[in-house]
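So you can see what is in the structure, the chains are spelled out below.
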Amino acid sequence: MTAVTSPTEAPIAFWRILAFGSVQLPLGMIGLPIAIYLAPLYSGQLQLSLQLIGIALILARLSDFITDPIIGILSDRWRPRIGRRRVWLIFGTVAMTAGVRMLFVPTPDAGIVYFALAVSLVYLGYTLILLPYQAWSAELSSDYHVRTRISSVSQGFSIVGLITSTLIPAYVLSRPGATSADVMAALSIVIIALLPICATLAFLLVPEPAAPSHKAPFHLGGALRMLGRNRAFLNITLLVLIATIGEVFRQTITVFFARDVVGVTNIGVVYFLYFAAALLVMPGWVWLAKRIEKHRALTLALVIVALTNACMFLVPKGGVMLFTALFILKGSCYGAVLMLPHAMVADTADIDTAETLDRQQGLFFAAMAMVQKMGYALGAGLPLLILGTVGYQSAGESRAEPLLALSISYSLVPCALVLIAAMLAWRYSLTAETHKVIRAQIDARASESLQAEPMP
């Protein structure tokens, strides 16, 4: 099976897209264990202060606001012979495997400095791999629809990683006496084994287009002005920020709502069904995006997410089946909300290429990553502040007023935010036809530039 591309470039075989997407499998296994099992391991078994762990996590995450733009810009500007994107797989894999080993399997005397260094190394490795990887994904094809397929395969592998990171702990914890340390050790073995294999497959089997002959002059002010002039990029950036805040807002308090409002006893099973639905429905979103445009498919996905959020407000105590059904419906949209914005960012970067004949996708994806992380921070912090203000008891709550605040925070607030994101998605203007015009401008300018070059 071969992907169709523009006449000016060689098509990329689907098996190469699979090799490329496999990198996301081990990366997809990292986030959930850090969120769920890290604090019990370091606080419960190694006796570190929860406050210090929280501060270390915040500082490590804030460091991304320094490393993201640096790595994004370097992956655009540095042009080694082996490839300006693939070279970062080497650095990132070394940093990530070392960081995962340190963080997931700590020494018995590990203190807060050890923890801070380990988690920072994991985040650095993640950035070293993911930002150049995303820029590379935008360069694998200039075709509007093939980019959606590439993004869908990558995000599909990421979802498989998420599912794996739920199944391994479930198996480990089924054994008598198993602890968070056992879970993290098992996960580390799988991640450390898979990451070098998947990175090597992408490195050796996936083509990287030659760096553009033109290199646009770079300075920070000019880069910011360039991004600011790109209306399509600003649209998708604002959309992603608001949608991320809304969904992380909800995710942060899912366990509380499921336990105290609905009475769910095993949220792990519900999450497994959520990710399984996301994976199964992903091809449908790829098909729909090709039929009705990416932004319209994304609008539909966001509207469904918003409606399921609103319906959660009506789930009664004991309505576990209704809660699960709504959760699965929401999960069926998860892949679209992950996949389509990344494919759209790749298209918006072509607007800059048409002006400069340079490809600065690293800068675009670095800016998007920073916006997403801002959304994660706001989405994770705001609901906890609201619940703290109303006196919600995180150990278990039965009072009517705090539970009402919890229900509103879990359903209606995210619903409103996601609907705003849906309206922004509907107004997105970079369609397939518009993109064809942009690609024609790029081809014409590249041809003129080539003809203008002096003969050797």
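The coordinates are above.
The rules we used
- Residues numbered from 1 in each chain as written.
- Predicted model: local features only at pLDDT ≥ 70, side-chain atom pairs only at ≥ 80, totals over all residues.
- Heavy atoms only, no water.
- Helix = DSSP H or I, 4+ residues; strand = E, 2+ residues; numbered from the N terminus.
- Rg over C-alpha atoms; globule rule 2.2 N^0.38 Å.
- Buried < 20%, exposed > 50% of the residue type's maximum accessible area, 1.4 Å probe, protein only.
- Lys, Arg positive; Asp, Glu negative; His and termini not counted.
- Charge placed at Lys NZ, Arg CZ, Asp CG, Glu CD.
- Axes fitted to C-alpha atoms, helices over the stretch in contact; angles between N-to-C directions.
- Parallel < 35°, antiparallel > 145°, perpendicular 65-115°, else oblique.
- Contact = heavy atoms within 4.5 Å.
- Core = buried A, V, L, I, M, F, W, Y, C linked by side-chain atoms within 4.5 Å.
- Salt bridge = Lys/Arg side-chain N within 4 Å of Asp/Glu carboxyl O.
- 1 Å grid on protein atoms, 1.4 Å probe; cavity = no way out; pocket = protein on both sides within 12 Å on 5 of 7 lines; lining within 4 Å.
- Points joined across faces, edges and corners; volume = space filled by probe spheres on them.
- Expected span 1.5 Å × (residues − 1).
- Left-handed = near helix turned anticlockwise from the far one by under 90°.
- Nonpolar A, V, L, I, M, F, W, Y, C, P; charged D, E, K, R; others polar.
- Polar contact = N/O pair within 3.5 Å; in protein donor to acceptor, adjacent residues only side chain to side chain.
- Phe/Tyr/Trp six-rings, centres within 6.5 Å; stacked < 30°, edge-to-face > 60°.
- Lys NZ or Arg CZ within 6 Å of the ring centre and 35° of its normal.

Caption draft 1: Molecular detail of the overall build of the protein. Within the protein one finds 19 helices and zero strands. For the protein, whose C-alpha radius of gyration is 22 Å, the value lies close to the compact-globule estimate of 23 Å for 456 residues. In terms of overall dimensions, the protein has C-alpha extents of about 80 × 50 × 45 Å along its principal axes. The buried share of the protein, taken over its 456 residues, is 54%. For the protein, the separation between the mean place of its 31 positive charges and that of its 23 negative charges on side chains is 2 Å.

Caption draft 2: Structural detail: the packing of helix α9 (residues 144–173) against helix α14 (residues 267–292). Contact pair α9 / α14: the axes reach a minimum separation of 9 Å and the direction vectors enclose 175°. Relative to α14, α9 is oriented roughly antiparallel. Every residue of α14 that contacts α9 at His 145, Thr 148, Arg 149, Ser 152, Gln 155, Gly 156, Ile 159, Val 160, Leu 162, Ile 163, Thr 166 and Leu 167 is listed here: Phe 272, Phe 275, Ala 276, Ala 278, Leu 279, Met 282, Val 286, Ala 289 and Lys 290.

Caption draft 3: Fine view of the nonpolar core. Residues Ile 236, Leu 239, Leu 302, Phe 323 and Leu 406 are the most contacted members of the largest nonpolar core, which totals 76 residues. Considering every element that reaches this core, the biggest residue donor is helix α16 (residues 320–356), with 14 residues. Listed in part, the 49 residues of the second largest apolar core include Tyr 37, Leu 103, Val 172 and Leu 195.

Caption draft 4: Highlighting the environment of Gln 251. Topologically, Gln 251 is positioned in helix α12 (residues 231–252). As for Gln 251 and Ala 416, which are separated by 165 residues in sequence, their C-alpha atoms are 15 Å apart.

Caption draft 5: How the structure looks around the pattern of salt bridges. The tally for this structure, following the rule as stated, stands at 15 salt bridges. Among the ionic pairs, Asp 68 bridges to Lys 373, the shortest N-O distance being 2.8 Å. On the criterion of sequence distance, the pair formed by Asp 68 in helix α6 (residues 64–77) and Lys 373 in helix α17 (residues 361–389) is long-range, its members being 305 residues apart. A salt bridge links Arg 250 to Glu 247; its shortest N-O distance comes to 2.9 Å. Of the two residues, Arg 250 and Glu 247 both sit in helix α12, three residues apart, roughly one turn of that helix. The residues Arg 250 and Glu 247 share a single accessibility class, namely buried. By sharing partners, the salt bridges in this structure join Asp 76, Arg 84, Arg 85, Glu 139 and Arg 359 into a single network.

Caption draft 6: Representation of empty space enclosed by the protein. The tally for this structure, following the rule as stated, stands at one cavity of 30 Å³ or more. Along the walls of the largest cavity sit 14 residues, with Gln 134, Ser 137, Ser 151, His 342 and Ala 343 positioned nearest its centre. Listing elements by their share of the lining of the largest cavity, those giving two or more residues are α8 (112–139), α9 and α16. The element that contributes the greatest number of residues to the lining of the largest cavity is α9, accounting for five residues.

Caption draft 7: Focus on α8. Its 28 residues give α8 an end-to-end C-alpha distance of 41 Å, which sits within 8% of 40 Å, the value for a rise of 1.5 Å per residue. A large share of α8 lies buried, amounting to 20 of its 28 residues.

Caption draft 8: Representation of the packing of helix α15 (residues 294–312) against α16. Orientation of α15 relative to α16, taken along the N-to-C sense of each, is 150°, at an axis distance of 8 Å. In this view, α15 runs roughly antiparallel relative to α16, as classed from their interaxial angle. Remark: the crossing between α15 and α16 carries left-handed chirality. Residue composition of the contact of α15 with α16, by class: 19 nonpolar, three polar and three charged.

Caption draft 9: The arrangement of the side chain of Gln 134 in detail. For Gln 134, the position within the fold is in helix α8. Looking at Gln 134, its side chain comes within polar contact range of the side chain of His 342, at 3.1 Å.

Caption draft 10: Representation of the packing of aromatic side chains within the structure. A complete count under the given rule lists 18 aromatic pairs for this structure. Considering the side-chain rings of Phe 256 and Tyr 392, the 5.4 Å spacing of their centres and the 50° angle between planes classify their relative orientation as tilted. Remark: Tyr 392 occurs in the loop between α17 and α18 (400–426) and Phe 256 occurs in helix α13 (residues 254–262); sequence separation between them is 136 residues. Side by side, Phe 256 and Tyr 392 carry an identical accessibility label, which is buried. Plain terms: the ring middles of Phe 257 and Phe 323 are 6.2 Å apart, the flat faces sit at 35° to each other, and that makes the pair tilted. Of this pair, Phe 257 sits in helix α13 while Phe 323 sits in helix α16, and the two are 66 residues apart along the sequence. With a relative accessible area of 0%, Phe 257 lands in the buried category. A connected cluster of aromatic rings, assembled from ring pairs, spans Phe 257, Tyr 271, Tyr 274, Phe 275, Phe 323, Phe 327, Tyr 334 and Tyr 410. Looking at Lys 294, its charged tip hangs above the ring of Tyr 144, at a distance of 4.0 Å from the centre. For Arg 296, the ring lying beneath its charged end belongs to Trp 426, and the centroid distance is 5.8 Å.

Caption draft 11: View of helix α10 (residues 180–205). With 26 residues, α10 should reach 38 Å at 1.5 Å per residue; the first-to-last C-alpha distance of 37 Å fits that figure. Within α10, the full set of buried residues consists of Ser 180, Val 183, Met 184, Ala 186, Leu 187, Ser 188, Ile 191, Leu 195, Cys 198, Ala 199 and Ala 202.

Caption draft 12: Inspection of unusual backbone geometry at higher detail. In the Ramachandran plot, Glu 293 falls in the positive-phi region, its phi being about 85° despite a non-glycine side chain. Residue placement: Glu 293 occurs in the loop between α14 and α15. Exposure remark for Glu 293: the relative accessible area of 16% places this residue in the buried category.

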